[in-house]
Amino acid sequence: MQALEEILKHAEFSISQATDLKSLDNYRVQYLGKKGQLTEYLKTLGQLPPEERPVAGQKINVVKEKIQALIEERNTVLINKLIEDQLVSEAIDVTLPGRLLNVGSIHPITKTFNELKHIFSKMGFVFMEGPEIEEDYYNFTALNVPPLHPARAMQDTFYFGDGLLLRSQMSPVQIHAMKKMTPPLRMVAMGRVYRRDFDLTHTPMFHQMECLVVDDSVTFADLKGLLKQFLHEFFETDAPIRFRPSYFPFTEPSAEVDMACLNCGGKGCRICKNGGWLEVLGCGMVHPNVLNDVGIDSEKYRGFAFGVGIDRLTLLKYGISDLRSLFENDLRFLKQFSS
Ligand SMILES: [Zn+2]
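Rules behind the numbers
Residues numbered from 1 in each chain as written. Predicted model: local features only at pLDDT ≥ 70, side-chain atom pairs only at ≥ 80, totals over all residues. Heavy atoms only, no water. Helix = DSSP H or I, 4+ residues; strand = E, 2+ residues; numbered from the N terminus. Rg over C-alpha atoms; globule rule 2.2 N^0.38 Å. Contact = heavy atoms within 4.5 Å. Areas by Shrake-Rupley, 256 points an atom, 1.4 Å probe, with all protein chains shown as cover. Lys, Arg positive; Asp, Glu negative; His and termini not counted. Charge placed at Lys NZ, Arg CZ, Asp CG, Glu CD. Donors = N, O, S within 2.8 Å, 3.2 Å for Na, K, Ca; no water. Tetrahedral: all angles 85-135°; square planar, octahedral: opposite > 155°, others 65-115°. Buried < 20%, exposed > 50% of the residue type's maximum accessible area, 1.4 Å probe, protein only.

**What to know about the overall build of the protein**
A count of helices and strands for the protein gives 11 helices and 10 strands. The C-alpha atoms of the protein give a radius of gyration of 45 Å, which is well past the 20 Å a tight globule of 339 residues would have. With respect to the three principal axes, the spread of C-alpha positions in the protein is 135 × 45 × 40 Å. Put simply, of all contacts in the protein between residues at least 6 apart along the chain, 66% involve residues at least 24 apart. Per element, the accessible surface of the protein, about 19900 Å² overall, is 54% carbon and sulfur. Separation of charge centres in the protein, based on 38 positive and 43 negative side chains, amounts to 2 Å.

**Re the coordination of the zinc ion**
Protein coordination of the zinc ion is provided by C261 (SG), C264 (SG), C269 (SG) and C272 (SG), with donor distances spanning 2.2 to 2.3 Å. One can describe the donor arrangement at the zinc ion as tetrahedral, given that its four donor atoms subtend angles of 104 to 115 degrees at the metal. As a motif over one chain, the donors of the zinc ion read C-x2-C-x4-C-x2-C. With C261 in the loop between β8 (251–260) and β9 (277–286) and C272 in the loop between β8 and β9, the pair connects residues that are 11 residues apart, well separated along the chain. Across this residue pair, the class does not change: C261 and C272 are buried.

**Some details on the environment of L231**
With respect to the element layout, L231 can be found in helix α8 (residues 220–235). For L231, a relative accessible area of 0% gives the class buried. Between the alpha carbons of L231 and F198 there is a distance of 27 Å; along the sequence they are 33 residues apart. Not counting residues within four places of it along the chain, the set of residues in contact with L231 comprises E236, I241, V257, M259, V280 and L281.

**With respect to unusual backbone geometry**
Residue P184 is reached from P183 by a cis peptide bond, and omega for that bond is 5 degrees. With respect to the helices and strands, the residue P184 is situated in the loop between α7 (171–180) and β5 (185–194). Omega for the bond connecting E252 with P253 falls within 30 degrees of zero, at -5 degrees, which places this linkage in the cis form. Residue placement: P253 occurs in strand β8. Of note in this structure, L148 is not a glycine but carries a positive phi near 70 degrees. Among the secondary structure elements, L148 is positioned in the loop between α6 (136–139) and β3 (159–161). We note that D162 has phi near 55 degrees; this positive angle belongs to a residue other than glycine. The topology assignment puts D162 in the loop between β3 and β4 (164–166). Taking the relative accessible area as the measure of exposure, D162 reaches 80% and is therefore exposed.

Structure follows, in structure tokens:
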């Protein structure tokens, strides 16, 4: 009996000292296993006098149950500790502030491109592209500007030699279109054009949109209606529009289109140079020579066209005063358009 008490005391101490599940299991084997200390005791029961056996057996069982209970208790403590340690070591600190993302913005010129695409695709126009390095023929000759024609001086062109140049307008794409397609046709071309010019209102590279309609019955009135719808939708205004006679070699008659100043409503201000009108674009009926040259019978078909500076549209729409700020990539300027 004394020895059983000793075993229980030992077991209590060792089990309370077990720091992990493995050592706890070792103790379980040591006391309760097949060759454990208590099992060995049970084996000696037979040596006792018969009248003492029940009491001794009961006592051994009590000790055995106590040790079992101790082991289970310790097991629960150790498992809880294990979970707690894991929670601490794998914790995510949600109080750490997140990293701010630098959100970009659409460039104002791209915004204008997108709006123009939206407006003209609704009206059923097809969009066409052409090369930026162009043949002299497409940029000038086919547009009723033969070599040595004085109108060539209207545009300061970058020449490569060998009859190649950087296109100075989007009109060559119209020539490509008329050569590829048969009327009726409605097309728009938008892209980069180049001229030798650089100041507050000119950059050597800028963007233009040109629009062409060829059909057997189109009139100047159709052109006027189209331009009115386009300008009013683009500028979100119903400001008055006026046509002034002008000259372009590839259209006849030709006109320049003004819109009442968006800033002062026509009263006169710094932006409209006190005139009350803003020059917006040039247009006209396609010159019969241009149609005939690309193989379209000018007796049967008529066309109208207009060209507009995309950068200029952007300046007017967003009230930007210096054209160069569109090309300087100053983030402080560009971020204003991040909506
Ligand atoms: Zn004004």
